[in-house]
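Structural characterization, general
Single-letter residue listing:
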Amino acid sequence: GDLATIDTDGYIYMTSRKKEIIKIGGKRISPKEVEEIIVMMNGVIDCTIESIADELLGEAIKVTVIVNEKGKTITGEQIKQHCGSLLSSCKIPSYVEIKEVLEISSTGKRIKQL
């Protein structure tokens, strides 16, 4: 779902997402807004947001959080609470996965699903 450009030397540059909005129960959610809130947490290095199918609401937010040594004790519940204190309830991720390593493809793109 990412968009990229290729320069004259063949290098690929990620420019944006094809789908910039997640629709949850008729509400439009910006993944970037949720990402910015999560990376504010101490111990969080990076995160990726993706939409997953939800029978009731159409889509739900899944976040994969990359933590450093200090963030090893961060739980999914803490991430949800942090988001809940700064975002409306529809923007709180339904699913949280915590990893220590950011997985990157050979093109330099963050891998969201395995």
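Data block above holds the structure.
Each chain carries its own residue numbering, running from 1 in the written order of its sequence. A pLDDT threshold of at least 70 governs which residues receive local features in this predicted model, and a stricter bar of 80 or more applies before side-chain atom pairs are shown or counted, although totals over entire chains, interfaces and linings include all residues. As a convention, hydrogens and water are excluded, and side-chain values are obtained from all of the structure's heavy atoms.

**Things to note about the pattern of salt bridges**
Filter applied, for reference: Each salt bridge in this description consists of a side-chain nitrogen of Lys or Arg and a carboxyl oxygen of Asp or Glu lying within 4 Å of one another. Secondary structure elements follow DSSP: runs of H or I of four or more residues count as helices, runs of E of two or more count as strands, with numbering from the N terminus. Each residue is placed in one exposure class: buried if its accessible area under a 1.4 Å probe, protein chains only, is under 20% of its type's maximum, exposed if it is over 50%, and partly exposed if it falls in between.
Enumeration over the complete set of coordinates arrives at four salt bridges. Between Lys 91 and Glu 33 there is a salt bridge, with the nearest N and O atoms lying 2.9 Å from each other. Of this pair, Lys 91 sits in the loop between α2 (76–86) and β7 (95–99) while Glu 33 sits in helix α1 (residues 31–38); the two residues are 58 residues apart in sequence, bridging distant segments of the chain. Assessed through its relative accessible area of 16%, Lys 91 is described here as buried. Here Glu 69 ties to Lys 72 by a salt bridge, and the two come within 3.4 Å at their closest N and O atoms. With relative accessibility at 59%, the residue Glu 69 sits in the exposed group. A network of salt bridges, in which partner residues are shared, links Lys 62, Glu 97 and Lys 99.

The values are spatial; any link to function lies outside them.
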